[in-house]
Amino acid sequence: MSKQQYNLQTKTDYLQRKMFLDPAGPVTIQRFEEVKYNKIAKFEQTARGFFWVPEEISLTKDAQDFKDASDTVRHIFTSNLLRQTALDSLQGRGPSQVFTPVVSLPELEALVYGWTFFETNIHSRSYSHIIRNIYNVPKDEFNKIHDTQEIIGMASSIGLYYDRLHMINCRKELLEKFDEQHHINAIWLALNASYGLEAFRFMVSFATSLAMVENRIFIGNGNIIGLILQDEILHKDWTAWIINQVVKEDPRFAQIRATCEDEVYAMYQDVIREEKAWADYLFQKGPVIGLNAQILKNLTANRSFESRVIRHSLFSYIKRSYPAAETGVHHTLLRNLLLKTAAVGAVKGLDAESALIALKPEILRMALEPALAEPLSMREAMEALRWISDRESTPAWK
């Protein structure tokens, strides 16, 4: 907690403040008679309305299901719970530890503290509640977290950005002098790391847990995961809103977004790669009914492509890498085509150039398949095919 927060003598107008690192300092009096961002206040109010406790849900049948389950199902079930515990341990302390020292508005501070409460006091306790009801010696299972490299590596990639911001916050509190843009940079990367966690790092484990409910096993666990998923979707939404809003209103963040685009793009690619690797780890002993590693890896790629935050990052990356792509084609068509191309590249591990050429056989399907969220018209498909063919021999695309 900053020493400035103990100073109650200075009056401040929160309605004129920036979200982060306002020159007037951190939040002092927590007052909510009027707020700058009603959207943030509504997010926080909605979260409070979601309050629940895991003990409300019976796990009696789950314990019997676990006894009857195969080794493959037991491995998937337990591994997911351990990874979820690790994720919520990080996200339980992370936001309040690194964001509250730099927050300048009471409604945002209240949201961050509520965020921490749900991740720690509800979600992490839920996983303990499940494991305690399934295993005779729960601590032996929790101790496996420290020996599972797939979990340890994931934690390190998240902690990198939180630790960086935490260290700068501490240096500022010690009155060290440094460039403010360096601080803004750390906040921006930590926000994106947080979004990556909330939006994507639970996808494989949650999808697997809910699929087991479809098979009529572990229904109590599925009910708890459903409630946690409800919370995480809200956390994802408010993180995305903050990321999008702060660059609209704060020139400092708009500048940092432009300079950090490559690092943010790489960060999201790492998140997607780690989530796919987790799918392989879960199904190393074989598939279960209706589910396997490839299905979950496809889900990860598709869901990441649907994210507005990641779509912006991918498109900006491609535009910078291939400036010639803006020539000779309608911008809206190009945008849709390149976004789809980036998604193909993420699935196949290709760069944007190779992915665009590889996409040629798919373009007519994109025009004809009505289930796609952004189908191409037949005219657009033919124009895209001509455009790609014209540029396959162009040096910029070779």
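A. Local environment of the overall build of the protein. Within the protein one finds 17 helices and zero strands. Buried residues in the protein amount to 53% of all 398 residues. In the protein, of all internal contacts separated by at least 6 residues, the share reaching a separation of at least 24 is 76%. Summed over its atoms, the accessible surface of the protein is roughly 18,800 Å², and 53% of this surface lies on carbon and sulfur atoms.

B. Molecular detail of the pattern of salt bridges. The full count for this structure, using the stated rule, is 14 salt bridges. Across the salt bridge formed by K61 and D65, the nearest N and O atoms sit 2.9 Å from each other. Of the two residues, K61 and D65 both sit in helix α2 (residues 60-68), four residues apart, roughly one turn of that helix. Put simply, E180 and R252 hold a salt bridge, and the shortest N to O gap is 3.0 Å. Taken together, the positions of E180 in helix α7 (residues 180-200) and R252 in helix α10 (residues 251-259) put the pair 72 residues apart, joining distant regions of the chain. In the salt-bridge network here, residues are joined through shared partners; they are R201, D270, R273 and E274.

C. Fine view of the side chain of N169. In this structure, N169 sits in helix α6 (residues 149-173). With residues up to four places along the chain from it excluded, the contact list for N169 reads Q97, V98, P101, V102 and H183.

D. Looking closely at the packing of α6 against α7. At a closest axis distance of 9 Å, the pairing of α6 and α7 adopts a crossing angle of 145°. For the element pair α6 and α7, the recorded crossing hand is left-handed. Contacts from I158, Y161, Y162, R164, L165, I168, N169 and K172 in α6 reach H182, H183, A186, I187, L189, A190, A193, S194 and L197 in α7.

E. Local environment of the confidence of the model for the protein. In this model, the protein carries an average pLDDT of 82, and 74% of its residues clear a pLDDT of 70 or more. Confidence over residues 324-331 falls short of pLDDT 50; this stretch has 18 contacts with residues more than four positions distant or in other chains.

F. Spatial organisation of the environment of I131. Here I131 lies in helix α4 (residues 106-134). Here I131 falls in the buried class, since its relative accessible area comes to 1%. Considered as a pair, I131 and A63 are 68 residues apart in the sequence and their alpha carbons are 9.4 Å apart. When residues no more than four places from it in sequence are discounted, the contact partners of I131 are L81, L82, P138, E141 and F142.

G. Fine view of the environment of V264. Position of V264 relative to the elements: it lies in helix α11 (residues 261-282). For V264, a relative accessible area of 6% translates into the label buried. Placed 75 residues apart in sequence, V264 and L189 show a C-alpha to C-alpha distance of 7.0 Å.

H. A look at α6. Over its 25 residues, α6 extends 35 Å from the first C-alpha to the last, a length consistent with the 36 Å expected when each residue adds 1.5 Å. A bend of about 35° at G159 is the largest found in α6. Turning to α6, its buried residues number three or more, namely I151, M154, S157, I158, G159, Y161, Y162, L165, I168 and N169. In this structure, the buried side of α6 is in contact with α3 (71-98), α7 and α11. Just past α6, the residue L175 takes up positive phi, approximately 70°.

I. α7, seen in detail. For α7, spanning 21 residues, the distance from its first C-alpha to its last is 30 Å, which sits close to the expected 30 Å at 1.5 Å a residue. Of all the 21 residues making up α7, 19 are buried; the element is thus mostly covered by neighbouring parts of the structure. Structurally, the start of α7 carries an N-cap: the backbone nitrogen of Q181 is 3.2 Å from a side-chain oxygen of D179.

J. Geometry of unusual backbone geometry. You will see that R216, though not glycine, has its phi angle at about 65°, which is positive. Although it is not a glycine, F218 adopts a positive phi angle of roughly 55°. Locating F218 in the fold gives a position in the loop between α8 (203-214) and α9 (219-249). When its relative accessible area of 0% is taken as the criterion, F218 is described as buried.

K. Examining the environment of K67 more closely. Of note, K67 is situated in helix α2. Residue classification places K67 among the exposed residues on the basis of a relative accessible area of 60%. Along the primary structure K67 and Y135 are separated by 68 residues, whereas in three dimensions their C-alpha atoms are 9.8 Å apart.

L. How the structure looks around the nonpolar core. M19, F20, L108 and W188 are the most contacted members of the largest nonpolar core, which has 92 residues in total. Residue contributions to this core peak at 12 residues, all from α7. Residues in contact with F20, not counting those within four places in the same chain, are V102, V103, S104, L108, I187, L191, I242, V246, D250, R252 and F253.

M. Focus on the packing of aromatic side chains. Considering all chains together, one arrives at 17 aromatic pairs under this definition. Here the aromatic rings of F51 and F117 are separated by 6.3 Å at their centres, their planes lie at 25°, and the arrangement is stacked. Of the two residues, F51 is situated in the loop between α1 (38-49) and α2 and F117 in helix α4; the sequence distance between them amounts to 66 residues. Of the residues examined, F51 reaches a relative accessible area of 48% and is grouped as partly exposed.

Rules of the game
- Residues numbered from 1 in each chain as written.
- Predicted model: local features only at pLDDT ≥ 70, side-chain atom pairs only at ≥ 80, totals over all residues.
- Heavy atoms only, no water.
- Helix = DSSP H or I, 4+ residues; strand = E, 2+ residues; numbered from the N terminus.
- Buried < 20%, exposed > 50% of the residue type's maximum accessible area, 1.4 Å probe, protein only.
- Contact = heavy atoms within 4.5 Å.
- Areas by Shrake-Rupley, 256 points an atom, 1.4 Å probe, with all protein chains shown as cover.
- Salt bridge = Lys/Arg side-chain N within 4 Å of Asp/Glu carboxyl O.
- Axes fitted to C-alpha atoms, helices over the stretch in contact; angles between N-to-C directions.
- Left-handed = near helix turned anticlockwise from the far one by under 90°.
- pLDDT = per-residue confidence, 0-100.
- Expected span 1.5 Å × (residues − 1).
- Bend = angle between axes of the 7 residues up to and from the residue.
- Polar contact = N/O pair within 3.5 Å; in protein donor to acceptor, adjacent residues only side chain to side chain.
- Core = buried A, V, L, I, M, F, W, Y, C linked by side-chain atoms within 4.5 Å.
- Phe/Tyr/Trp six-rings, centres within 6.5 Å; stacked < 30°, edge-to-face > 60°.

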